[in-house]
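Spelled out, the chains give:
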Amino acid sequence: MEENEKQKMYRHSMSHVLAKAIKSLYPGVKVAIGPAIENGFYYDFDNLTISPEDFAKIEDKMREIINKNEDFKRIVVSKQEAQKLFADEPYKLELIRDLPANETITVYYTGEDFYDLCRGPHVENTKFLRGFSFKINRVSGAYWRGSEKNKMLTRIYVYGFLNKDDLKECLRLEEEAKERDHRKIGKDLGIFMMHDLIGKGLPIWLPNGFLLRRALSDYIMDKELSLGYQHVMTPSLGSINLYKTSGHWEHYQEDMFPAMERENETYVLRPMNCPHHMMIYKSFMHSYKDLPIRIAEIANDFRFEGSGNLCGIERTRAFTQNDAHIFCRPDQIKDEIQGVINLILDVYKDFGFKNYAFRLSLRDKKNTEKYFGNDELWEKSEAALREILKSSGANYYEAEGEAAFYGPKIDVQVKSAIGHEVTLSTVQLDYQLPERFELEYVDEHDNRVRPVVIHRAIFGSLDRFVAFLIEETKGNLPVWLNPLQVKILTVSEKNIDYARQIEAKLHLNKIRVSADISNESVGKKIRSAVLEKSPFILVLGDKEMAENSVAVRTRGSKDTVSMSYKDFEKQLLETINKKV
RNA sequence: GCUUAUGUGGCGCAGCAGGUAGCGCACAGCCUUGGUAAGGCUGAGGUCAUGGGUUCGAAUCCCAUCAUAAGCUCCA
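Residues numbered from 1 in each chain as written. Chains lettered and ligands numbered in written order. Predicted model: local features only at pLDDT ≥ 70, side-chain atom pairs only at ≥ 80, totals over all residues. Heavy atoms only, no water.

(A) Main features of the overall build of chain A. Along its length, chain A carries 18 helices and 28 strands. Considered along the principal axes of its C-alpha atoms, chain A spans approximately 90 × 75 × 50 Å. Buried residues in chain A amount to 50% of all 580 residues. Across chain A, every contact between residues at least 6 apart in sequence was considered, and the portion connecting residues at least 24 apart equals 70%. Total accessible area on chain A stands at roughly 28,900 Å², and carbon and sulfur atoms take up 49% of it. Looking at chain A, you have 84 positive and 89 negative side-chain charges, and the mean spots of the two groups are 3 Å apart. (Helix = DSSP H or I, 4+ residues; strand = E, 2+ residues; numbered from the N terminus. Buried < 20%, exposed > 50% of the residue type's maximum accessible area, 1.4 Å probe, protein only. Contact = heavy atoms within 4.5 Å. Areas by Shrake-Rupley, 256 points an atom, 1.4 Å probe, with all protein chains shown as cover. Lys, Arg positive; Asp, Glu negative; His and termini not counted. Charge placed at Lys NZ, Arg CZ, Asp CG, Glu CD.)

(B) View of the side chain of Q485. You can see Q485 is positioned in the loop between α14 (462–473) and β24 (486–490). Of the polar contacts made by the side chain of Q485, one reaches the backbone oxygen of V479; its length is 2.9 Å. Not counting residues up to four positions away in its chain, the partners in contact with Q485 are V479, W480, K510, I511, R512, S534, P535, F536 and I576. (Polar contact = N/O pair within 3.5 Å; in protein donor to acceptor, adjacent residues only side chain to side chain.)

(C) Expanded view of the protein's contact with RNA strand B. Around RNA strand B lies a shell of 49 residues, among which M272, S307, S492, N519 and R527 are the nearest. In RNA strand B, atoms within 4 Å of the protein come from the sugar-phosphate backbone in 47% of cases. At 2.6 Å, a side-chain N or O of R138 approaches a sugar or linking oxygen of RNA strand B. Residue D196 places a side-chain N or O atom 2.9 Å away from a sugar or linking oxygen belonging to RNA strand B. Its residues assigned to classes, the surface near RNA strand B comprises 15 nonpolar, 15 polar and 19 charged. (Near = heavy atom within 4 Å. Nonpolar A, V, L, I, M, F, W, Y, C, P; charged D, E, K, R; others polar.)

(D) Structural context of the packing of helix α11 (residues 333–351) against helix α12 (residues 375–392). Following both chains from N to C, one finds α11 and α12 inclined at 50°, their axes separated by 10 Å at the closest point. Considered as vectors, α11 and α12 are oriented oblique to each other. Of the two elements, α11 crosses α12, and the hand of that crossing is right-handed. Contacts from K334, I337, Q338 and I341 of α11 reach α12 at L385, E387, I388, L389, S391 and S392. Taken together, the residues that form the contact of α11 with α12 break down as 5 nonpolar, 3 polar and 2 charged. (Axes fitted to C-alpha atoms, helices over the stretch in contact; angles between N-to-C directions. Parallel < 35°, antiparallel > 145°, perpendicular 65-115°, else oblique. Left-handed = near helix turned anticlockwise from the far one by under 90°.)

(E) Expanded view of the packing of helix α7 (residues 207–226) against α11. Interhelical geometry of α7 versus α11 gives an angle of 145° and a closest axis separation of 12 Å. Note that α7 runs across α11; the crossing there is right-handed. Together, L216, Y219, I220 and K223 of α7 and L343, D346, V347, D350 and F351 of α11 make up the contact between the two elements.

Interpretation in functional terms is not warranted from these geometric data alone.
So, in structure tokens, the structure goes:
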């Protein structure tokens, strides 16, 4: 058996051991399901309340069961027999009820006193689990069968590996992830803050964070300008009728802040910018010769995310999209989407991102009333995106039920430090909004026809992008982005004037520099500057003053290099231009 | 939103068989004028998230609210 398959089977057998341990420690508990997952397994229980203090006790019980050398005995039963066996287990009964009539039902015994409805396979005896390394990770709630309409059960997550070192490595990675967490680094580096009184999910961008955002928006707007995008600025709210026209009010009201009424008019904070951009297009006559028209905006949006879903600047209620809408003819779709994908790849290369995946987000075919438009158009759009992805050679996977209500998408998915999968960039093909807003252009036969709209965001939201950037770089941002580019330290008070001269020269070159002239030891000042993650530290003492030089310490190195100020300046500007 | 935890000076934490708060960092002043990851001394700073309750007495126990975290659900 392949190692992966073996580990999966062991994990699954361990989940039965966990269930048996819980049943014996907490009588009255009802069992639900317990599969193997990445890094271990879990099991869901009803009528169970435990806290981390109980973990050791449960682990001991599990070891006790393992050490009893109990057989995993498989038996085949009829539906009636199964219902009888699990008469006292409502969740199992529900599963049995839903099994197809011709399905072979198997039950696995662990010892004599615990049995579980299960397809298997399992290890033959618990003695094989002796070398298996496991540790209870956490307890949390999870809805029965993944639906919020159902009861919330108690889920126990356990890390589990065949190999002891794999468990150690898993725990180490978890510790490391905490250090990379953008919320910690963002606080340490003065990027952003939150405050109860301001409101949850509403990030405050501090001076360092704003410098970073400005560098990012300048970067992306310059790129867009060179690709023929036109930037606009539109209000963060709009009349409710705008969203009734677009369909957002009908489809996404629950995710929007509630409407505001005054003078018989109703306004809403906008959750996205599409409707505003539709209106810009609609306000002018367009010839087929003018298309594509690419309208872009660095735009503030507001979404009422469930309180439990908020996460630092990864998911907020107020955020800034790097959004654009491309209005084009049907024959231009392919080139335009290809252009966006190229832009995404180009940007990710500039930032050195490697851990991402393209996802073709399709509609849920079993639940089509969620979506606008007819089947034919959807098939066509989905096929078009698939073809573009295939020909671009990008690695991608397909996901049903992830489309927007107006069309399929290509999303770029990344994983955060703590393991959330989120969308960073998105490209969406849309035939619906042009229809709803009655957008037109005049074709070569003087007919008025509908354009197609491509929605796209490269940074997705600046906020989420910064979160990912911080986690990928562990806060060691490249020099061109780092809020602080050069830190100057004086050795003694005699060097303050010289330090100020150097600082002024760097300021003239628009370098983000700060000087530490405090009455502290050089060692202390170095330490502070390193913790600030300054890419360059200049130590200025009597020696440098006499030679008109600087002693440069580069981030990541403990060595100091002495050079003339001019050389340093030249090298620094080159580094910034190269965006490394 | 749901389940479970957590909430102590700016930050990180200790104190919690109930007797009205401590440490480190940061901050301020002074001494030291120092050469590559923490020099020394002194000091200021907290109604222990908020509101109720139990008690002679609550940071410590109970309830509610708010916020945060993990997972679930959601994510245009």
